[in-house]
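# Structural characterization, general
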Amino acid sequence: MSATTFDAAQSRAISHRHSLHRQRAWALWGSYVALAVFVVMFLVPPFYMVMTSLKSSAEISAQKGDPWIVHHPTLANFWYLITYPNFQTYYLNSVIVTVFTVVISMVIAVLAAFSLARMSFWGSQTLATGVFLTYLIPASLLFLPLFRVIGFLGLINSYWCLVLLYPTLAVPFCTWIMIGYFSSIPKELDEAALIDGAGYLQMLFKIFIPVAMPGIIAATIFAFTVAWGQFLYPLAYLYTSNQMVLTVGIVSDLIRGDVFEWGKIMAANVLASLPPILIYAFLMDYYVAGLTAGATKG
Amino acid sequence: MADGTSVPVGVMAPGAVARPRGSMKKFAQRRSTIAFCLCLPLILLIAGFVVYPAFYAIYLSMLNKKMTAFVGLSNFAFLIRRHTFQLVIFQSCLFAITAVVFKALIGFVMAHLMHNIPGKNQRIWRGLLLVPWVIPLALSTLTWWWMFDPSYSALNWILEQLGFSAVPWLGVGWIARFCTITVNVWYGTPFFMIMYLAALKSVPEQLYEAAAIDGAGAVQKLFFVTIPMMRNIIAITVLFSLIVTFADFDIVRILTSGGPEDMTHVFATYAFQVGIQSGDIPLGAADSLFMFPILAFAAFFVLRGVNRRSREIAA
Amino acid sequence: MAEVSCRQVVKIYDGGVQAVKGIDLEIADREFVVLVGPSGCGKSTTLRMIAGLEEISAGEIWIGGDIVNDVPPRDRDIAMVFQNYALYPHMSVFDNMAFGLKLRKFPRDEIKRRVDEAARILDIVPLLERKPRALSGGQRQRVAMGRAIVRNPKVFLFDEPLSNLDAKLRVQMRTEIKKVHQTVRTTTVYVTHDQVEAMTLADRVVVMNGGVIEQVGSPQELYHSPATRFVAGFIGSPAMNFLPARVVDGASGGLAVQVTDQIRLPVPPARADRYGKYKDRPMVLGLRPEHLFEYHENGRAGWERVDLPVDVVEPMGMETMVHFFIGHEPVCARVDPATHAEPGEMLPLSADMNQMHLMEPDTGRVV
C-alpha cells in the first residue's frame, strides 16, 4: 500500500475512532443525565418532607417566598414531638409491635423454610406453593372478617392483635426467600454434618443459618419494613391513642379537626422514617437482595 | 487382618444387621414428623389468619347488616346497582392497570439506564432511587397530600412561577385520580427497576455479542434478545404488582378518602368506609370479595410464570 | 477476497494492562489460521478485536482489503462461534441459524435454502425445530457453526469452541470442523489453548505468549524448527525435554553437548558450524520424548548409550512413557510398548541427535 493512501486511511481511521468513542461517551453521559432527572423526581417528596419539618407554623402559614427551601429553620417541631407523650407512646408501640413481629415471623419462616427446602414429606410441594399463594389474598380482603375474629379474641384496640396479624403479611415472603437460600446450600454439607454426628436442629443452627445469613438478614429487613409501615390493620383495629402505632398515630392525632399542623406532621414523618432509612443506609445490599430473591432464584 | 480379629468374609457379626434396618425406618418416620412439626406454626398462622378469614368473609358477605339473618347474594346485587360501587369498580381497574403499566415502563427504562453505567457507580444511584420504597407508604402519602394541599401546594407554587395557573389537585375528580396514580407510580417504580435490573444482569453478555455479529442494532437487540430473555420476569412482576396495586388501601385513604364525590374510591377504601365506618360489615365483605375473581385470575398466571421460570433456570 | 491483516495491533485495558503488545499478522484468503497459547496470552483478545467486540487501542485491522478499526461487528461480514455457543435460548435451531439473515432482510426462501444447506453439511437436519436446551453439547456446537455458515461471511472466527466438550467429543468435532473448512473454504481464525487442536486443524499456527507472537508457521515448521524455547516447549505432547548443557569439543574432532559429567552427546556434524560459537557457554538442550528411545546394539551407529534409573512408567497402550531424572531435571522418553522398564531399574537410552535443539538460556532463542 502506498504511503499516501496509507496516511489517508490512517487519518480516516483516527477520525472514525474518535466518533465511535464519542458515541459511547454520549450514551454514558446521556444515561447519567436521565438518571439524575429520575433521582430528582423520586427524591422530591422526601426532600420536601424534611424541608417542611424544619419550618415553624408561622413560616408555613405566611406562605412567603419559595416553599421549597426553609427560610428560618427551626427544630421546634422535632422538640415538640420528642416531648409529646402521645408521640412517644406511638413510637414505643411501633417498636414493640415490630420487634415481636420480626422475631415471630423469622422463627416461623426459618423453621418452615428449613423443612420445606430440605425435608420432603407428603404435601410439602403443595404447601410451598400454597404459602406463596396466600400472598395473593390481600389484607384489604381479610380485614373485615378479621375484625370479627380479633373481636372474638378480645384484642380489639390492643396493639397485640397486630403482633398476631403482621406475621401473616411477612411470613409467606420471608419463607419464600429462605427456601431459596436454603435450597442453594449444597446437599453435601448436610451429609458431611450427618456423618459428623449432627442432628437436624444442630444442622439448622450450626450450618444453615450461618451459611444463609445474608438471606436471613434480607428476610428480617423485609419483615421489619412490613411491620413498621402497616396502616390498614392498625387503622381498623386501634382506637385509643395509647394503643396506636406510628402510622395511624401521626395521621389521626396530628390532624386535629380542621387544623393540620404540617410542620409537626412532617417532623413526625421524618422521625418515623428514621429506622427504615437507617437500616436501609447500612444494609442496602441485603434490602435489595431480599427484593430480587424472586428474580434470581426463580 | 494382622491383629487377629479378622472376620471371615461373608459372615457378619451377630446382630449387626437387624438393628440398623429397624432404626432406619423409624428415623425416616421421625424425619417426616419433624418436618411437619417445623411447618406447623406456618400452617397454623396461615390457616387461622388467612384461610379461615377468607372463607369467613364469604360467609359474612351473605348476612344482613345486623348479621342475624342469611340473605344470600342480595348484598352483591345491592352493590352492583349502586352508582358509587360502579365507580369503585371502574376506578380500581383504572388505578391498577394504569399504575402498573407506568411502573413497568418507567422501571424498565430506568433499569436499562442503570445497566449502562459502570458497576461501582450503580450502588449509589440505586441507593438514591430506592428511597421511595423505604419510607413507609402511609407517611410518604401524607407528604404528597401536603404537596397537593389546595392552599399551600408547593407544586402549584412552581406552576405559578412558570406562568401557569394553580391546579386543584385533589379537588377535581379526574385530577384526583391522576394524583393517586402518580403516588402509586412514585412508590412502586423502584421495585420494578430493581427487579428488571437483576433480570437484565442475568442475560449473558455473549448473546448480545452474537447478536451484534449477526447484524443486530441496539433496538433489535432489545426486541430479540433482552425482552425474550426477560419475558418471564416481566410477566411475574407485572402480575404481582397488579395484585398488590389492586388491593391498595393507604394511598387513596390518606390522599382523598375516596373523594371527591367517591371518584377515587377503590375496593379497599370503600370496604373500609362501608364496613368499619358505617358499621355494615357484611356489605363491606361483599365489596372486598369483588376483588377475588380478578386476584385469582392474576394469581393463576403468576403461578404459571413462576413455574415456567424455575423450569427455564433448571434447563 | 477475504484476507485478514493485523498491523501493529495493541490492546490496553483500563488500568494499564497490556493484553496485546503490537502484533503483525497476515492471513491469506481461505487460510485456516490457529492462534494458540496459554491463558492470558492475548489470543482471545486479538480475535475479539478482529470481530469488533473489543476496541483497538492502537494499530490497524484490515478485513478483505478494508480497514475495519471502527466498523461495528455487524458490518464486518464476519461470523463467530463462541466457547459457550451463545445460542438464543428462546428460538428454535432454525430460527437461531436464520436470525442473522432475517436481520439483513433476506427473502424467506433464500433463508430456508441456506439453513437447510448448512444443516445438511453439519448433519443437524432432524434438530431444526428443537430449542437449544433440548440439545447436547456437541449438537449445540454444530448449531453455532451452522449459524456462522449460513451467513457466508468473509471470515469465520472461532473462540475456543471445543473447550466445553468432553475429550472424545472434542476429537470428533475437530474432524467435523476440518471437514467443514474443506467444504466451505472460508478464511478462518481459530483460537485455542490446546496445541493438538492447533496442529491438526491449522494451515498455519500462530503461537502467542504474553501478548506477543512467538512464531508463525505451518504445524510442521513449528514442530521441527521452533524459533524460541517457548514454542519448542509448547508444541508437541508430551512436552520437549529441556536440559542445561554446554557445547564442548567432541570425541572425534566434532562438537558434543555435555549434559552432566557422565553424559556427553555428540552433535551431528552438519551443525558444527552453527553451534561452534556457543562453545563453553551455558546453553539449554532440547530433545523431544519421541526422539529418545531404548538403546539397541543393532541400532544406528554412533548413537550414545546412556543408562538412567527409571522413575515412573506410564503405559499408554500404543506407546509407553518413561520418566527419569537427569540431575534435578525431569526427562520423559517415549518408548516402544514392548520395552521392559520398571521403576528403580536402569534403562539404556539413546537419542536421535539430528532432532536436537539448542537454546540460549536467557533469551530462549533457538540457535
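These figures come from a predicted structure and were not determined experimentally.

Reading guide: rules and limits
- Residues numbered from 1 in each chain as written.
- Chains lettered and ligands numbered in written order.
- Predicted model: local features only at pLDDT ≥ 70, side-chain atom pairs only at ≥ 80, totals over all residues.
- Helix = DSSP H or I, 4+ residues; strand = E, 2+ residues; numbered from the N terminus.
- Buried ≥ 20, exposed ≤ 12 C-beta atoms within 10 Å, placed from the backbone.
- Contact = placed C-beta atoms within 7 Å.
- Expected span 1.5 Å × (residues − 1).
- Arc of directions from axis to C-beta.
- Nonpolar A, V, L, I, M, F, W, Y, C, P; charged D, E, K, R; others polar.
- Pairing = 2+ DSSP bridges.
- Axes fitted to C-alpha atoms, helices over the stretch in contact; angles between N-to-C directions.
- Parallel < 35°, antiparallel > 145°, perpendicular 65-115°, else oblique.
- Left-handed = near helix turned anticlockwise from the far one by under 90°.
- pLDDT = per-residue confidence, 0-100.
- Core = buried A, V, L, I, M, F, W, Y, C linked by C-beta atoms within 7 Å.

### Side note on the overall build of chain A
From N to C terminus, chain A includes 13 helices and two strands. Classification of the 298 residues of chain A by burial places 44% in the buried group.

### With respect to the overall build of chain C
The secondary structure content of chain C amounts to nine helices and 20 strands. Summarising its shape, the C-alpha atoms of chain C cover approximately 80 × 45 × 35 Å along the three principal directions. Relative to its 367 residues, chain C shows a buried fraction of 40%. For chain C, restricting intrachain contacts to residue pairs at least 6 apart in sequence, the fraction spanning at least 24 positions comes to 65%.

### Things to note about helix H3 (residues 108-122) of chain C
Residues and elements named next belong to chain C. The end-to-end C-alpha distance of H3, which contains 15 residues, comes to 21 Å, matching closely the 21 Å that a straight helix rising 1.5 Å per residue would cover. Within the sequence span of H3, burial applies to Ile111, Val115, Ala118, Ala119 and Leu122. Seen along its axis, H3 keeps its buried residues to an arc of 100°; they face one direction. Those residues of H3 that are exposed and aimed more than 90 degrees away from the buried face are Asp109, Glu110 and Arg120. Close packing links the buried residues of H3 with helix H2 (93-103) and helix H4 (137-150). Note on H3: the residue one or two positions beyond its end, aspartate 123, has a positive phi of about 60°.

### As for the interface of chain B and chain A
Contact residues are listed per partner, giving 74 residues for chain B and 74 residues for chain A. Per-element accounting of the side of chain B that touches chain A gives the leading share, 18 residues, to helix H1 (residues 18-61) of chain B. Class assignment for the residues of the side of chain B that touches chain A results in 61 nonpolar, ten polar and three charged.

### Considering the sheet that holds strand E12 (residues 255-258) of chain C
Residue and element names in this part refer to chain C. One open sheet holds the five strands; their spatial order is E13-E12-E11-E14-E20, and the pairing between them is antiparallel. The sheet is open, and its two borders are formed by strand E13 (264-266) and strand E20 (357-359), each paired with just one other strand. On average, each strand axis in the sheet is tilted by 40° relative to the strand beside it, whichever way the strands run.

### Here we look at the packing of helix H8 (residues 173-201) of chain B against helix H10 (residues 218-246) of chain B
Residues and elements named next belong to chain B. Two numbers describe how H8 lies on H10: the axes approach to 10 Å, and their chain directions differ by 160°. Taken together, the axes of H8 and H10 lie roughly antiparallel to each other. Relative to H10, H8 is oriented so that their crossing is right-handed. For the pair formed by H8 and H10, the contact residues are Asn184, Gly188, Phe192, Met195, Tyr196, Ala199 and Leu200 on the first element and Met230, Ile233, Thr237, Ser241 and Thr245 on the second. Residue composition of the contact of H8 with H10, grouped by class: seven nonpolar, five polar and no charged.

### Structural notes on the confidence of the model for chain A
Put simply, chain A has an average pLDDT of 82, and 90% of its residues get 70 or more. Contacts for the low-pLDDT stretch residues 1-13 of chain A, under 50 throughout, to residues beyond four places or in other chains number six contacts.

### Observations concerning unusual backbone geometry
All names here are of chain C. The step from serine 237 to proline 238 runs through a cis peptide bond, and the omega angle for that step is 0°. Counting through the fold element by element, proline 238 comes out in the loop between helix H8 (229-234) and strand E11 (241-249). Its identity as a non-glycine residue notwithstanding, aspartate 77 has a phi of 60°, on the positive side. In this structure aspartate 77 comes out as partly exposed when scored by C-beta crowding, with 19 C-beta atoms within 10 Å.

### Quick look at H4 of chain C
Residue and element names in this part refer to chain C. Between its first and last C-alpha atoms H4 spans 20 Å; for 14 residues at 1.5 Å apiece the expected length is 20 Å, and the two agree. Across the 14 residues of H4, eleven count as buried, placing the element largely inside the fold. Those residues of H4 not exposed but buried are Arg140, Gln141, Arg142, Val143, Ala144, Met145, Gly146, Arg147, Ala148, Ile149 and Val150. Buried residues in H4 make contact with strand E6 (78-81), H2, H3, strand E7 (155-159) and helix H5 (167-184). Of the residues flanking the end of H4, it is asparagine 152, one or two places downstream, whose phi is positive at about 50°.

### Regarding the environment of aspartate 273 of chain C
All names here are of chain C. By the element assignment, aspartate 273 lies in helix H9 (residues 272-276). Judged by local crowding, aspartate 273 falls into the exposed class, with 9 C-beta atoms found within 10 Å. Between the C-alpha atom of aspartate 273 and that of leucine 255, which follows or precedes it by 18 residues, the distance is 9.4 Å.

### Examining the packing of H2 of chain C against H4 of chain C
Helix packing geometry: the angle between the two helix axes and the distance between the axes. Residues and elements named next belong to chain C. Two elements in contact, H2 and H4, have axes whose closest approach is 8 Å; the angle formed by their N-to-C orientations is 30°. Here H4 runs roughly parallel to H2, going by the angle between their axes. The handedness of the crossing between H2 and H4 is right-handed. In this structure, H2 contributes Val93, Asn96, Met97, Gly100 and Leu101 to the contact, and H4 contributes Val143, Gly146, Arg147 and Val150. Here the contact of H2 with H4 is built from residues that sort into five nonpolar, three polar and one charged.

### Observations regarding the sheet that holds strand E5 (residues 66-67) of chain C
Strand pairing in a sheet relies on backbone hydrogen bonds. The paired strands run either parallel or antiparallel. Residue and element names in this part refer to chain C. The strand order across the open sheet built from four strands is E2-E1-E4-E5, with neighbouring strands paired in antiparallel fashion. Edge positions in the sheet fall to strand E2 (18-27) and E5, since each of these pairs with one other strand and no more. Pairing geometry for strand E1 (residues 4-12) and strand E4 (residues 58-63), over five bridges, is antiparallel. In the strand pairing of E4, valine 4 is matched with isoleucine 63. With respect to the sheet, helix H1 (residues 43-51) is in contact with E1, E2 and E4, its orientation differing from that of E1 by roughly 115°.

### Details of the pairing of strand E17 (residues 320-326) of chain C
Residue and element names in this part refer to chain C. Pairing between strand E16 (residues 306-315) and E17: five bridges, direction antiparallel. Counted as the bridge partner of proline 315 is threonine 320 from E17. Counted between consecutive antiparallel strands, the loop separating E16 from E17 contains four residues, among which glycine 317 sits at a positive phi close to 100°.

### Points about the nonpolar core
Ranked by internal contacts, the top residues of the largest apolar core, which has 176 residues, are Ala109, Ala113, Ala170, Cys174, Met178, Ala219 and Ala223 of chain A. Sequence-distant contacts of alanine 223 of chain A, defined by excluding residues within four places in its chain, comprise Thr101, Val102, Ser105, Met106, Ala170 and Cys174 of chain A. Formed by 110 residues, the second largest nonpolar core is a distinct cluster that contains Ala212 of chain B together with Leu53, Met240 and Met359 of chain C.

### Describing the pairing of strand E8 (residues 187-192) of chain C
Residue and element names in this part refer to chain C. With respect to burial, E8 is a largely interior element, six of its six residues being buried. Burial along E8 is two-sided: Thr187, Val189 and Val191 and Thr188, Tyr190 and Thr192, pointing in opposite directions, are all buried. Relative to E8, strand E3 (residues 32-36) runs parallel, the two being bridged by five bridges. Within E8, the residue paired with valine 36 across the bridge is threonine 192. Bridging between E7 and E8 involves five bridges; their strand directions are parallel.

### Comments concerning the environment of threonine 200 of chain C
In this structure, threonine 200 of chain C sits in helix H6 (residues 195-201). When the C-alpha atoms of threonine 200 of chain C and methionine 80 of chain C are compared, they prove to be 20 Å apart, with 120 residues separating the residues in sequence.

### Considering the confidence of the model for chain C
Across chain C, pLDDT averages 89, with 98% of residues at or above 70. Complex prediction metrics read pTM 0.78 and ipTM 0.84.

### As for the environment of alanine 245 of chain C
All names here are of chain C. Looking at the secondary structure, you find alanine 245 in strand E11. Take alanine 245: there are 24 C-beta atoms within 10 Å of it, and that puts it in the buried class. With 37 residues separating them along the chain, alanine 245 and proline 282 place their C-alpha atoms 6.1 Å apart. If sequence neighbours within four positions are ignored, alanine 245 has contacts with Val257, Gln258, Val259, Met283, Val284 and Leu285.

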